[in-house]
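Take a look at the letters that make up each chain.
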Amino acid sequence: MTYLNAAILGIVQGLAEFLPISSSGHLTMLQHFFGIEGDSILIFTILMHVGTLAAVFIIYWNDIWALIKELFVTIYDLVTFKGLKLKERPVRKLGVMIIIASIPTAIIGLGLEDVFESFYHSLIPTGVGLLLTGVLLWIAESKPKKKGKGIEDMTWAHAVIIGTMQGVAITPGISRSGSTLFGGLITGLDRDFAVEFAFLISIPSVLGSLVLESGSDAMASIISTNMGPIIVGFICSLVSGIFAIKVMITVVRKYSLKIFSFYVWIVGAFLIVHELFM
């Protein structure tokens, strides 16, 4: 892994993780054209997620800190038999909804891990995934824009649907942010809250991936031989991730996600044609 490759992969990871254009799809595409081995790109992608995770913490630190403090208050209420009191404490309810959303994501990710990894050996699944991402964004934006539900009105069913969409997005080409936003918008969540929830539920997903891969020989080998490029990639993914989150918040508030549909349709069609005829 060269420093230039690491910088490009880091920038793409940061932008595509939060813009609904699929970071896994773009990294698979770059893997193909850079000639990087499959195992290397998968491990490097997980490491670059640390940078995007840091970006979420920076942008949403007040919300995350409130969730951390509420966790200890929740434990105290439970051990003193006061109950969860979700209706009285919206921050606590947000934490519970994040946990509920993470369950289907974990089930899908662990249960279909081998299937998802097999998709990285060809550009066709990635191309198809990008086409589907464009369809999801288009459908999500076809709903009338009106005041939606906040955390007070969110139910466990909303969380399950959004978490399931996040699990499906492990497929290369299907955007995690796009699919979770799709889940939030079609279930009637407020647009601002939908994008915030989509980014917050990425935290347990990324942490889970890091824990699962942290003890692998492949990760240890890549870290020991590519520390310099990894640091460069981390910094690039962090900076571009912060930029992408701010852009995404603005787009969701003022514009339409359909602008990203055209982009992923073009890229997806190109990848399929390239794989079949070039």
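Residues numbered from 1 in each chain as written. Predicted model: local features only at pLDDT ≥ 70, side-chain atom pairs only at ≥ 80, totals over all residues. Heavy atoms only, no water.

Structural notes on the overall build of the protein
The following threshold applies: The helix and strand labels rest on DSSP assignments: H or I over at least four residues marks a helix, E over at least two residues marks a strand, and numbering proceeds from the N terminus. Atoms counted for the radius of gyration: C-alpha only. Globule rule: 2.2 Å times the number of residues to the power 0.38. The rule is simple: take the accessible area with a 1.4 Å probe, protein chains only, and divide by the maximum for that residue type; under 20% is buried, over 50% is exposed, in between is partly exposed.
Secondary structure assignment for the protein yields 14 helices and zero strands. Going residue by residue from the N terminus, the α and β elements of the protein occur as α-α-α-α-α-α-α-α-α-α-α-α-α-α. For the protein, the C-alpha radius of gyration of 19 Å lies close to 19 Å, the compact-globule estimate for 278 residues. Expressed as lengths along the three principal axes of its C-alpha atoms, the size of the protein is roughly 60 × 45 × 35 Å. Burial statistics for the protein: of 278 residues in total, 50% are counted as buried.

Here's the deal with the side chain of Glu-141
The condition is simple: A 3.5 Å cut-off defines polar contacts: any pair of N or O atoms within that distance qualifies, except that in protein one atom must be a possible hydrogen donor and the other a possible acceptor, and neighbouring residues in sequence count only when both atoms are side-chain atoms. Contact criterion: two residues are considered in contact whenever any of their non-hydrogen atoms come within 4.5 Å of each other.
For Glu-141, the location among the structural elements is in helix α7 (residues 123–141). A relative accessible area of 7% places Glu-141 in the buried class. Engagement of the side chain of Glu-141 in a polar contact is seen with the backbone nitrogen of Leu-257, the distance being 2.8 Å. Once residues lying within four places of it in the same chain are set aside, the contact partners of Glu-141 are Arg-191, Tyr-255, Ser-256, Leu-257 and Lys-258.

With respect to the packing of aromatic side chains
Formally: Each Phe, Tyr or Trp ring, with Trp reduced to its six-membered ring, pairs with another whose centre is within 6.5 Å; inter-plane angles below 30 degrees give stacked pairs, above 60 give edge-to-face pairs, and intermediate values give tilted ones. Distance and angle both matter: a charge sits over a ring if NZ of Lys or CZ of Arg is within 6 Å of the ring centre and within 35 degrees of the ring normal.
With the rule as written, the count across this model stands at eight aromatic pairs. Seen from their ring centres, Phe-57 and Trp-61 are 6.5 Å apart, and the 35° between their planes marks the pair as tilted. Taken together, the ring pairs in this structure connect Phe-18, Tyr-60 and Phe-199 into an aromatic cluster. The ring centre of Trp-138 lies 4.4 Å from the NZ or CZ of Lys-258, which sits over that ring.

A short note on the nonpolar core
What counts here: What makes a nonpolar core is a set of buried Ala, Val, Leu, Ile, Met, Phe, Trp, Tyr and Cys residues whose side-chain atoms join them at distances within 4.5 Å.
Met-154, Phe-197, Met-248 and Leu-257 are the most contacted members of the largest nonpolar core, which totals 52 residues. No other element matches helix α13 (residues 227–254), which puts seven residues into this core. Excluding its chain neighbours within four sequence positions, the residues that come into contact with Met-248 are Phe-18, Leu-19, Pro-20, Leu-181, Val-195, Phe-199, Leu-257 and Phe-260. In terms of nonpolar packing, the next biggest core, distinct from the first, is built from nine residues, Leu-9, Leu-30, Leu-47 and Ile-230 among them.

Some remarks on the layout of surface pockets
Note the following rule: For cavity detection a 1 Å grid was placed over the protein atoms alone, and a set of points counts as a cavity when a 1.4 Å probe fits there but cannot get out; an open set counts as a pocket when protein lies on both sides within 12 Å along at least five of seven lines, with lining residues being those that have an atom within 4 Å of a point. Grid points are joined across faces, edges and corners, and a volume is the space filled by probe spheres set on the points.
Taken as a whole, the second largest pocket spans an internal volume of roughly 440 Å³. Leu-67, Leu-71, Gly-95, Ile-98 and Ile-99 are the residues nearest the centre of the second largest pocket, which is lined by 17 residues in total. Every element with two or more residues in the lining of the second largest pocket is listed here: α4 (61–79), α5 (90–111) and α11 (202–214). Counting residues per element, the lining of the second largest pocket draws most heavily on α5, which supplies seven residues.

Some words on the pattern of salt bridges
Short version of the rule: By definition, a salt bridge exists where a carboxyl oxygen of Asp or Glu is found within 4 Å of a side-chain nitrogen of Lys or Arg.
Applying the stated criterion to the full structure yields seven salt bridges. A salt bridge links Glu-70 to Arg-89, with the shortest nitrogen-to-oxygen separation between them at 2.5 Å. One end of the pair, Glu-70, is in helix α4; the other, Arg-89, is in the loop between α4 and α5, with 19 residues separating them in the sequence. Judged by its relative accessible area of 9%, Glu-70 falls in the buried class. Arg-89 sits in the partly exposed class, given a relative accessible area of 29%. Here Asp-77 ties to Arg-92 by a salt bridge, and the two come within 2.8 Å at their closest N and O atoms. Of this pair, Asp-77 sits in helix α4 while Arg-92 sits in helix α5, placing them 15 residues apart in sequence. Of the two residues examined, Asp-77 and Arg-92, each falls in the buried class. The structure contains a network of salt bridges with shared partners spanning Glu-70, Asp-77, Lys-85, Arg-89 and Arg-92.

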